[in-house]
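# Results of the structural survey
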Amino acid sequence: QVQLVESGGGLVQAGGSLGLSCVASGNFFSLNAMGWYRQAPGKQRELVATMSNAGNPNYADSVKDRFTISREYRKNTVYLQMNSLKPEDTAVYYCHTKARRSILDDEQNYWGQGTQVTVSS
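Let me sum up the structure you'll find in this document.

### Re the overall build of the protein chain
The number of helices and strands found in the protein chain is zero helices and 11 strands. Here the C-alpha radius of gyration of the protein chain, 14 Å, is about what a compact globule of 121 residues would show, namely 14 Å. Each principal axis of the C-alpha atoms in the protein chain carries an extent, and together these give about 50 × 25 × 20 Å. A total of 121 residues make up the protein chain; the buried ones form 39% of that total.

Right, here's the structure in full:
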């Protein structure tokens, strides 16, 4: 089983910055891409940013040039630095990865518990 534990988030004024981090732990053979999704009230969960094991980032258009994703592979950790935050960035942010529990298993999706980010205008 893979556990994803997020930290960071909180309340910030528009134009401010916040950082999120997520650590993967448990028994697994390999982790694939790690990243962040978010869900605002009444909306579907959407991709924010992901980073492959090769270090290639992928961002939603709405956060490009404002958010930066990074990983520490040895620590099984993914970060999201959020700058120039806007009220529309308000959402619960979820850490995500695909992991293989053993060499014989298929990859499965794993999610963190979510952390609230609120941007006031």
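Still to come is the rest of the account.
### What to know about the nonpolar core
In terms of nonpolar packing, the biggest core is built from 30 residues, with Trp 36, Leu 80, Met 82 and Tyr 93 touching the most fellow members. Contact partners of Tyr 93, with chain neighbours within four places excluded, come to Glu 6, Leu 20, Trp 36, Tyr 37, Arg 38, Val 48, Phe 67, Leu 80, Met 82, Gly 114, Thr 115 and Val 117.

### Digging into the state of the cysteines
According to the stated counting rule, one finds one disulfide in the structure shown. Covalent S-S linkage joins Cys 22 and Cys 95, the inter-sulfur distance amounting to 2.1 Å. Between Cys 22 and Cys 95, the S-S torsion sits near -85°, and that sign places the bridge as left-handed. Note that Cys 22 is positioned in strand S3 (residues 18-26) and Cys 95 in strand S9 (residues 91-100), a separation of 73 residues in sequence.

### Regarding the sheet that holds strand S8 (residues 77-82)
The strand order across the open sheet built from four strands is S1-S3-S8-S7, with neighbouring strands paired in antiparallel fashion. The open sheet terminates on both sides in strands that have one partner only, identified here as strand S1 (2-8) and strand S7 (67-72). The average angle at which neighbouring strand axes cross in this sheet is 15°, direction not considered. As judged from the six bridges shared by S7 and S8, these two strands associate in the antiparallel manner.

### Section: unusual backbone geometry
Located in the positive-phi region is Asp 65, a residue other than glycine, with phi close to 75°. Inspection of the secondary structure puts Asp 65 in the loop between strand S6 (57-59) and S7. Assessed through its relative accessible area of 83%, Asp 65 is described here as exposed. Although it is not a glycine, Ser 84 adopts a positive phi angle of roughly 50°. A residue is classified by how much of its surface remains accessible, and Ser 84, at 40% relative accessible area, is partly exposed.

Criteria and thresholds
- Residues numbered from 1 in each chain as written.
- Predicted model: local features only at pLDDT ≥ 70, side-chain atom pairs only at ≥ 80, totals over all residues.
- Heavy atoms only, no water.
- Helix = DSSP H or I, 4+ residues; strand = E, 2+ residues; numbered from the N terminus.
- Rg over C-alpha atoms; globule rule 2.2 N^0.38 Å.
- Buried < 20%, exposed > 50% of the residue type's maximum accessible area, 1.4 Å probe, protein only.
- Core = buried A, V, L, I, M, F, W, Y, C linked by side-chain atoms within 4.5 Å.
- Contact = heavy atoms within 4.5 Å.
- Disulfide = S-S within 2.5 Å.
- Pairing = 2+ DSSP bridges.
- Axes fitted to C-alpha atoms, helices over the stretch in contact; angles between N-to-C directions.

By themselves these figures say nothing about function.
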